[in-house]
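# Inside the fold
Listed here are the chains, written in short residue letters.
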Amino acid sequence: MLNHPSPATCQCLLLSLLLLACGWNKAACSLGEGRKIWQQPKPDPINKDQSFLHDNFPSGFLWGSGTSAFQTEGAWNQEGKGPSIWDHFTHSTAGTNLATETVDAASDSYTRWEEDVEALEYLGVRSYSFSLSWPRLFPDGNARGQPNTAAVNHYTRLIKRLLEKKIEPIVTLHHWDLPQVLQEHYGGWRNDTLVGLFEEYAAFCFRTFGSRVRYWLTMHNPYLVAVQGYGTGVHAPGETGGPAGSLIAAHNLIRAHAKAWHTYNSHFRATQKGQVSIVLGSHWVEPQRSQAMAANVELCQQSIESVLGWFAHPIFGDGDYPVSLKIKHGSFLPTFSPEEKLWVQATADFFALSFGPNILRLGRRLVQYGQTVTPDLRRALGWIKLEYGDLRVLVAEGGWFTEASVGKEDTIAIYLMKRFINQVLQAIKFDGVQVFGYTAWSLVDGFEWNNGFTIRRGLFYIDFSQPNRTRTPKTSAQYYRRVIADNGFPSDERVIKGRFPCEFHWGIADSTLEVHVYPFSPQFTDPHLYSWNLTGDKSLHPVPGVTLHTRQAQCTDFLAIRDHLRLFTSTGASHYRFALNWSLILPQGDLSNVNTEALRYYRCVLTELKKLDLEAIVILYYPTYRAPNLGLPGPLHASGGWLNSSTVGAFQEYAALCFQQLGSSVSYWITINEPNRLVDVYSSGKEMHEAAHSLLLAHAKVWRLYEREYSSQQRAMVSLALHADWVEPANPFLESHKAAAQRFLLFELGRFLDPLLGTRYEKEKHNKGDYPQELKAYLKERARVMGLPGSPLPNFTETEREELRGTLSFISLNHFTTRLVSPYPDTQIQFQQKQPPDHGCMMLSDPTWPSSSMGQALVPWGLRKILNWVSQRYGGALPVIVTASGVDDRAPMEDKLRQHFLISYLQEAFKARQIDKVNLLGFYLWKLQDRHAPQFGLFTSTHYQSKAKASIAVYREIITRGGFPEGNTTQTYSRGLVGEAVILSRPHTKKKKKKVREERLTVDTQRELHSASELQLTVRSDGGERGPKNRDGNTGGTMANIAVQRIKREFKEVLKSEELSPRLLAPANTGGSDTAAASGFTKQAVRVSLCRVGVKAKEVTVVRKRFIGLFIISGVHIAGTSKNQIKVDLVDENFTELKGEIAGPPDTPAAAMTLRTVLLSLQALLAAAEPDDPQDAVVANQYKQNSEMFKQTARLWSHVYAGAPVSSPEYTRKIDKLCAMGFEKNAVIVALSSKSWDVETATELLLSN
């Protein structure tokens, strides 16, 4: 029981009552709100306050390290020290597995304390937390007697030396090493006699050392003492009293702490002006499946209360145990009297937290119903603030452990330390927690309690087999030293402003483009022109005397292409990267069976891209990296694939076919996509090297083929694309890790680029056309060490070397993430069933990096580093294009992770170009559309209606602004915008047609463009017939003068028009402003580039067969649509193909027929300008005689019967069935239309007529 309080104690009780009434800290009103932490959103890794924080700790932050007496002092029976319960425990039968002979000496810090101080100096810390050994100071445990002078002198020397080195001593009175005599006489902490004995021991320490100590800790992590020492028996003294024993021990530990605090407060505080607290340990848990429902939150709260709250609630709360513990343990839980509650409450001057592996591992036993134990120090600190108020907090123990076999190269410990310390920084900066110090545990390797010496926690390595116990800094010590020197994590990230050049590729990358021949549009497949008898029989009737030309299917008929490119153009991108399907084009792998339909489809895609003034990068071979055929035609794969040299010849034959059929529309070719990933599928290192060898030769032969036979006419650039993730040495303090990172890059990139480009360091030509010398030497030595006959790397012949040299027109890199690389440890190789990869590297990831749901780390600066590595090794002569880069994001629409990725990665790409002078030509975002669930796509899958995600707007804005210009210049275009249109025209004359001539018109805005009313254009013409100066002062032919006026007029009309569909404007801009319309004037004949002042303007040529303009038919009602307009643009000069777009669902029967009818009518109208066909003349005359005829006809024909989609195979079959019975086709269509396309009733109607 507690002794009766003295008068001074009564005064303290009155003070405690006053504090309780008034609130003992400024945040008392918020006490008990710890549950809110789980109701708050979990940290979002893409927000700057929730990802890794680059910032500094507050000035004066108390960086430190710590040890405990029993773990490190050794000298267990020297200079008068008495045995502790841990001495007895390790020497007893229960502890025979703990290597007693080594525990006795431990780290020998009692005699080598000066080396410990030197270690602290090396780190640069400002504090050192250590514990006093109670049995060393008082061997009998009784502080009323005389202390051990040797012990007093030892600690006095240590404290004095620390202060001389400007290192703050933080002294713990009791770190588990209770004098054994007290355990034997009283039963240890199960007996409340120890409360008074501890108070006397504390008073001696305060009196003896207190004048030089500002921070006192009464005891360290009493939870483990109570549970492991008196409940489970895992720790000393090894009692197995179960929960009841733990509860009694904990009760006495809390009271002993309170008594010591009151002693200091009453007798020493006024003169010593120190502070006293207790170190409490905690774990952390998150709710089941991250669901912060009330029941789950309550379970988490109870879990924390059962550990941290058990001791913190009486001291920092209301002086009593949490209600959840009272309910759980009932009568087994000791009680505090009202007097004791006041006595215990508020007996700490700051909160000292232990957050390490001992409790975190134990915490796994405390979770239930799917809770997850996680080492989230930030959340634990946030809970403390919410639960107990705005207290000052010392992280008195922070850190993890490594296996003893790791030694000095403790790489993983670096990243765990990095995460813990950064979580503290985030808690300070964003959650407002008053953390004033961090103690990295521990200073030196020592005895780790029930784990003995099997694990290590020291920053300094000690070889316990050597008597001198030399302290050697581990790499984690070097890292901690750097953090302390920097006072945190200073930011080296800065945003730079400016624009990418006009010729920069703003791209989107896809994999193999699927071929969809169906569905297709019915335009121009029927020779008849129909009208609908609206007031009569409501049937379709052919227009008499009009028979239109039919044609085979056109590119515009493929609805899949139209829909796909509609998505693409809405992004604002200028370049599209996609792959051909080798196995589809050549199913047998040779020219014996060519899929002409697939080639035609790809040709149409390229044609439509060209019409939209978009460029393509086309990949010939896109490996699938999986069975059955790795993307190869079946017969080629069956014959050995890339391990068979005949595949190289087959690839060359396939490439020649593609160049011949598609080359005129392709500006950039990629022969093979990511051969460095393809080789990973092969089972042995030898096969990997042979496959890589064949892939390199295949690429080189195709490049030479193009240069020899196609380059002079097609003028495309040819490359191969490599997967190019950046790698960092996992341990930046080890040369072996740095060498591993460079070796990995040579295997990934150098193996393929060196033979093609050489390096900028190679002076001799004969060194080019071969693998990197470093790689060859490494594999040769590796083979020798492993006892292999020789290097698995094949050799190139001199002819092959010559063929390889220089076979790249640009460097294509696919970059997604950054990884950490370390050498494969020998111990891991011994236990692996298969050999490690030839590069001998193991991949790791930094847990502080934000990552996607698929585990892809977002490390923007990695892109800049890989670009620099390539530029430095191969020079800047060749342009570099990032042909694929992206991140998966599971968000259905608001893909914030991808938005962050876009901005941050493009900013690093811009730095590489502007600051590092990398010849970067383009960036392609992966990819256009999801296949199924949300992943990499900018659009949802067709199953989810191909909806645009939020990241499209971000990408489009960056494209529109050309990068990251100063200020918000998205909505204005400065003087200097230029573009040009090439117009092919014929003079309008009744004479024989003259030869088509070319005229070049240039449009230039004269000043900054804000609205259509301010637009001033100068249009110049060159070429063609020369004539007098027009009113703009420019000379030109008759057609030029007409075109000049028309371009100016239509340019202004387009700017003013609010009816134009955004789908007709390229690049698309959701702003809807006048300048947005100007930027999309491409379809009116002028392509305006986005160059700004000070940037060289790029002239974009748009070829138009005839300047017709845009037809907008208003007032047309279309069944099933809410809008009423059709937009039509001329496609070719012969009026045989018009491109139409309907402002409504285009796939409905009514819309399809309406569009077809209107287009056919326009075809006839346009043909009237130069009627070559007599039948065209008939229609032309009709329109000439009645100027209103077209408008009336369009309105009439728009009311087409909704059940007549001639494109449907089902309806075509019904028409053919009735025609086969002898009925005339037009009559069949009329009958079926009037009878809802029911064959039986339509047959009866036909028979009756």
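An unreviewed UniProt entry annotates the protein as Beta-klotho originating from Collichthys lucidus. Under the Subcellular location (unreviewed entry) heading, UniProt states for the protein: "Cell membrane".

### Quick notes on helix 8 (residues 149-164)
It helps to recall that an α-helix has 3.6 residues per turn; residues three or four apart then point in one direction. With 16 residues, helix 8 ought to run about 22 Å at 1.5 Å a step, and its terminal C-alpha atoms sit 22 Å apart, in line with that. If you follow the buried residues of helix 8, they end up packed against helix 6 (113-123), strand 2 (127-131), helix 7 (134-137), strand 3 (168-174) and helix 10 (193-209). At the N-terminal end of helix 8, a side-chain oxygen is found 3.2 Å from the backbone nitrogen of A150, two or three residues along, and the residue is N148.

### Brief notes about helix 18 (residues 377-388)
The end-to-end C-alpha distance of helix 18 is 16 Å, a good match for the 16 Å that 12 residues give at a rise of 1.5 Å each. Counting buried positions over the 12 residues of helix 18 gives 11, a clear majority of the element. Taken residue by residue, helix 18 has L377, R378, R379, A380, L381, G382, W383, I384, L386, E387 and Y388 as its buried positions. Sitting at the amino-terminal end of helix 18 is D376, which places a side-chain oxygen 3.3 Å from the backbone nitrogen of R378. The first or second residue beyond helix 18 is G389, which carries a positive phi of 100°.

### Description of the pairing of strand 28 (residues 920-926)
Counting buried positions over the seven residues of strand 28 gives seven, a clear majority of the element. Of the pairings in the sheet, the one linking strand 16 (residues 505-512) to strand 28 comprises five bridges and is parallel in character. Bridged to W506 within strand 28 is F923. One ladder, built from four bridges, connects strand 27 (residues 880-885) with strand 28; its direction is parallel. Considered in strand 28, the bridge of I881 is made with G922. A crossover links strand 27 with its parallel partner strand 28, the connecting element being helix 34 (residues 896-914), and its sense is right-handed.

### Looking at the sheet that holds strand 26 (residues 841-844)
The strand order across the open sheet built from three strands is 23-25-26, with neighbouring strands paired in mixed fashion. At either margin of the open sheet sits one strand with a lone partner, and together these are strand 23 (726-729) and strand 26. Between one strand and the next, the sheet's axes are offset by a mean angle of 40°, whatever the strand orientation. Note: strand 25 (residues 818-823) against strand 26, four bridges, orientation antiparallel. Each residue of the ladder has a partner; that of P823, found in strand 26, is C841.

### Side note on the packing of helix 18 against helix 19 (residues 411-431)
The interhelical angle for the contact between helix 18 and helix 19, taken along N-to-C directions, is 40°, at an axis separation of 8 Å. The angle between helix 18 and helix 19 falls in the class oblique. Like other packed secondary-structure pairs, helix 18 and helix 19 cross with a definite hand, here right-handed. Counting all contacts with helix 18, which are made through L377, R378, L381 and K385, the residues of helix 19 involved are F420, Q423, V424, Q426, A427, F430 and D431. Taken together, the residues of the contact of helix 18 with helix 19 break down into six nonpolar, two polar and three charged.

### Description of the side chain of R805
Position of R805 relative to the elements: it lies in the loop between helix 31 (798-804) and strand 24 (811-814). Looking at R805, the relative accessible area reads 12%, which means it is buried. In this structure the side chain of R805 is engaged in a polar contact, spanning 2.4 Å, whose partner is the side chain of E802.

### Description of the packing of helix 29 (residues 735-757) against helix 30 (residues 773-786)
For the pair helix 29 and helix 30, interaxial distance at closest approach is 10 Å and the crossing angle is 120°. Taken together, helix 29 and helix 30 sit at an angle that is classed as oblique. Handedness of the crossing formed by helix 29 with helix 30: left-handed. Here R743, L746, F747 and R751 of helix 29 come into contact with helix 30, specifically with E774, L775, Y778 and L779. Here the residues of the contact of helix 29 with helix 30 are counted per class, giving five nonpolar, no polar and three charged.

### Regarding unusual backbone geometry
Omega for the bond connecting A236 with P237 falls within 30 degrees of zero, at 10°, which places this linkage in the cis form. Here P237 shows up in the loop between helix 11 (222-230) and helix 12 (242-267). For the peptide bond that leads from W926 to K927, omega is 0°, which places it in the cis range. Counting through the fold element by element, K927 comes out in the loop between strand 28 and helix 35 (950-961). Phi is positive for A106, close to 45°, though the residue is something other than glycine. Examined against the element boundaries, A106 turns out to sit in the loop between helix 5 (100-103) and helix 6. According to the relative accessible area criterion, A106 is buried, its value standing at 0%. Phi is positive for N221, which is not a glycine, with a value near 50°.

### Here's the deal with a nonpolar patch on the surface
Taken together, the side chains of V785, M786 and L788 define a hydrophobic patch exposed on the protein surface, amounting to about 270 Å² of accessible area. With respect to the helices, strands and loops of the structure, L788 is situated in the loop between helix 30 and helix 31.

### Points about the packing of aromatic side chains
Overall, the coordinates contain 68 aromatic pairs when judged by the stated rule. Centroid distance F57 to W63: 4.7 Å. Interplanar angle 75°. Geometry classified as edge-to-face. Accessibility classification places F57 together with W63 in one group, the buried group. Positioned above the aromatic ring of Y110, the side-chain terminus of R136 is 4.0 Å from the ring centre. The ring of Y122 has R481 lying over it, and the distance from NZ or CZ to the ring centre is 4.1 Å.

Here is what the cut-offs are and how they apply
Residues numbered from 1 in each chain as written. Predicted model: local features only at pLDDT ≥ 70, side-chain atom pairs only at ≥ 80, totals over all residues. Heavy atoms only, no water. UniProt positions renumbered as here; feature names shortened; annotations may be inferred. Helix = DSSP H or I, 4+ residues; strand = E, 2+ residues; numbered from the N terminus. Expected span 1.5 Å × (residues − 1). Contact = heavy atoms within 4.5 Å. Polar contact = N/O pair within 3.5 Å; in protein donor to acceptor, adjacent residues only side chain to side chain. Buried < 20%, exposed > 50% of the residue type's maximum accessible area, 1.4 Å probe, protein only. Pairing = 2+ DSSP bridges. Right-handed = clockwise from strand over helix to strand, strands pointing away. Axes fitted to C-alpha atoms, helices over the stretch in contact; angles between N-to-C directions. Parallel < 35°, antiparallel > 145°, perpendicular 65-115°, else oblique. Left-handed = near helix turned anticlockwise from the far one by under 90°. Nonpolar A, V, L, I, M, F, W, Y, C, P; charged D, E, K, R; others polar. Patch = residues over 30% accessible without salt bridge, like charges linked within 9 Å, V, L, I, M, F, W, Y side chains within 5 Å. Areas by Shrake-Rupley, 256 points an atom, 1.4 Å probe, with all protein chains shown as cover. Salt bridge = Lys/Arg side-chain N within 4 Å of Asp/Glu carboxyl O. Phe/Tyr/Trp six-rings, centres within 6.5 Å; stacked < 30°, edge-to-face > 60°. Lys NZ or Arg CZ within 6 Å of the ring centre and 35° of its normal.

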